[in-house]
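# Structural overview
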Amino acid sequence: MKVFLKKQMVIFFLVALLVLSALGVYAYMNIQRLIDTVNMLSQASRIVNNAERLLVLSIDIETSVRGYVITGDKDYLAPYDSSQNKVNEHIKLLLASTRHDPAQNNRIQELQQLVAQRTELARQVIKAAEEDKQAAQKLVAGGGGKRIMDEIRTLIATVQNAERASFREQNTVTGDSLLQFQYAFISWLIIPGVLIVVLFYSINRHLDKRTMVEQNLRQASAEITELNKELEAYTYSVSHDLRAPLRSISGYAQVLKEDYGEKIDSEGNRVIDVVIRNSSRMGQLIDDLLHFSRIGRKELILTTCDMEDIVRTIVADLAANEQNRKIDIQIGDLKPANADVSMIRQVLVNLISNALKYSATKTETKIQVGCYEEDNSLCYYVKDNGVGFNMAYRDKLFGVFQRLHKISEFEGTGVGLALAKKIIVRHGGLIWAEAQLDEGATFYFSLPRQTQSQLSV
């Protein structure tokens, strides 16, 4: 559930980041569009103003020349003299402002020619007035200046109207861009809030589910604990109830053999021996099952175990019962382990006794007990040269009552390896085996350097 919740949070954040990025790009594009539009509006306004200023200067030139011709007073020529450079500056500004608009730029070039014509005509009138006032008046009265001024006015009006139309169009675009930016900005504020609410709802829902699962687990754990107690009581009761008849069967069979053995034929004595042997095996099986059921509930008492000393003690005890066999047991450098001494001893007893049992058919029994380090674990192994087993059935090795050999070939209850696995897993380790038929087997188990005592099966 934690992994699922983490993935969901990552997905939500990625979606939020993607949406916010898209909105940011959209808002940026609208801002850029707004800036471009504002620049165009500003440029249109400058064109209109420069054109208006150019018209005013042209009128000033026209008025000053007419005043001079009428009065002969050169003071009237002051606007004419001061307007020449200004007219050229405004023409240059208009040409620069309209360089990206061919139609407007052509109008400004035409306007430049008209202004040049009007300026030249004014110069001729002034020159004529200096020589013959009446000739200058006739030149003015000819209407050439008026015609040029009318064309200038018309052309300037055309330029201004075109810019005003563009201004209105761009003003609409500005409004649209501003509105779209507002929408993007509002969405940028709202969508994260919505995603946060959705994420909060999802997390809260998963937390509710997790709480419910934990409650169910606690309830199931309590029920399992109660069942284990009942099972332990039941196991004890059954084992106690089974032991009594087994003792009776074994006891009466033993009495029958001792007191009436001579009166019973060989087949009868064989049957009595089978009864005694199977009663003993049944008793051992009951003991093993009780031990197996209790090992899971026994508290781990972790301490530093001298593995080499434990193995040497076990080998000495087991070898004492094998006086008639040729046995070679090699004990390597076994590093100390952090484990429960009694439980690890039980594991090693089972593995070494199995090695002795399944190599009994060999002329010479060879057993190796060793250790090696791997990552954060210590790995121990018991290797023999016995009958081995088929690796295709290795998964059955550590199950209760699972045997790969017949009882008639090798005695045993089929609980020892299951018990060893349960102990190793409780220590947080692993147990496994490798073998080949008739070439022996090697049983491994690992123990972590820092055993987690809370692990249980």
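Predicted model only: the values in this text are computed from it and were never measured.

Before going further, it helps to examine unusual backbone geometry. Although it is not a glycine, Asp375 adopts a positive phi angle of roughly 55°. With respect to the element layout, Asp375 can be found in the loop between β4 (365–374) and β5 (377–384). Judged by relative accessible area, which is 72%, Asp375 ranks as exposed. The backbone of Asp438 sits at a positive phi, close to 65°, despite the residue not being glycine. Here Asp438 is to be found in the loop between β6 (431–436) and β7 (440–448). Asp438 gets classed as exposed once you look at its relative accessible area, which sits at 55%.

Here helix α7 (residues 307–319) contains 13 residues, and its C-alpha end-to-end distance of 18 Å stays within 8% of the 18 Å for a straight helix at 1.5 Å per residue. Among the residues of α7, those classed as buried are Met307, Ile310, Val311, Ile314, Val315 and Leu318. Angularly, the buried residues of α7 cover 130° about the axis, an arc narrow enough to put them on a single face.

A few words on the packing of aromatic side chains. Applying the stated rule across the entire model yields five aromatic pairs. Measuring from centroid to centroid gives 6.5 Å for Tyr372 and Tyr381, while their planes differ by 40°, and the two rings are tilted. Under the relative-accessibility criterion, Tyr372 is labelled partly exposed at 29%. With centroids separated by 6.0 Å and ring planes inclined at 50°, the aromatic side chains of Tyr381 and Tyr444 adopt a geometry described as tilted. Of this pair, Tyr381 sits in strand β5 while Tyr444 sits in strand β7; the two residues are 63 residues apart in sequence, bridging distant segments of the chain. Through pairs of rings, three or more aromatic residues link up here, namely Tyr372, Tyr381, Trp432 and Tyr444.

Across its 18 residues, helix α8 (residues 341–358) extends 26 Å between first and last C-alpha, which sits within 8% of the 26 Å expected from 1.5 Å per residue. Those residues of α8 that fall on the buried side of the exposure criterion are Met343, Ile344, Val347, Leu348, Asn350, Leu351, Ile352, Asn354, Ala355, Leu356 and Tyr358.

Our focus in this paragraph is the pairing of β6. Each regular strand carries side chains that alternate between the two faces of the sheet. Side chains Ile431, Ala433 and Ala435 of β6 all project onto a buried face; the interleaved residues Trp432, Glu434 and Gln436 project onto a face where none is buried. Strand direction decides the pairing type here: β6 and β7, joined by six bridges, are antiparallel. Residue Trp432 lies in a different strand from β7, and its bridge partner there is Tyr444. The turn linking β6 back onto β7 is made up of three residues, and Asp438 within it adopts a positive phi angle of 65°.

Further remarks concern the sheet that holds β5. Spatial ordering of the open sheet is given by β2-β4-β5-β7-β6, a layout of five strands whose pairing is mixed. Edge positions in the sheet fall to β2 (327–331) and β6, since each of these pairs with one other strand and no more. Strand-to-strand twist in this sheet, taken as the mean axis angle between neighbours without regard to direction, amounts to 15°. Both β4 and β5 contribute to a ladder of eight bridges, which runs antiparallel. When the bridges of β5 are listed, Cys371 appears paired with Tyr380. Across the sheet, α8 is in contact with β2, β4, β5 and β7; its angle to β7 comes to roughly 170°. Packing of helix α9 (residues 416–426) onto the sheet brings it into contact with β6 and β7, and relative to β7 it is tilted by some 25°.

Criteria and thresholds
Numbers given to residues run from 1 along each chain, matching the order in which its sequence is written. Selection of residues for local features in this predicted model requires a pLDDT of at least 70, selection of side-chain atom pairs for listing and counting requires 80 or more, and totals for whole chains, interfaces and linings are taken over all residues. Note: side-chain values were computed over all heavy atoms of the structure, leaving out hydrogens and water. Under the scheme used here, helices are H or I runs from DSSP no shorter than 4 residues and strands are E runs no shorter than 2 residues, and both carry numbers assigned from the N terminus. A 1.4 Å probe rolled over the protein chains alone gives each residue an accessible area, and that area as a share of the maximum for its type sets the label: buried under 20%, exposed over 50%, partly exposed in between. Here a helix's expected span is defined as the number of its residues, less one, multiplied by 1.5 Å. In this description, the arc belongs to the directions extending from the helix axis to the C-beta atoms. Between rings of Phe, Tyr and Trp, where Trp is taken as its six-membered ring, a pair exists when centres lie within 6.5 Å; planes separated by under 30 degrees are stacked, by over 60 edge-to-face, and by other angles tilted. By this definition, two strands are paired if DSSP reports at least two bridges between them. Only the stretch in contact is used when fitting a helix axis, every axis being a line fitted to C-alpha atoms; angles between N-to-C directions are given from 0 to 180 degrees. The contact definition used throughout considers only heavy atoms, calling two residues in contact when any of these lie within 4.5 Å.

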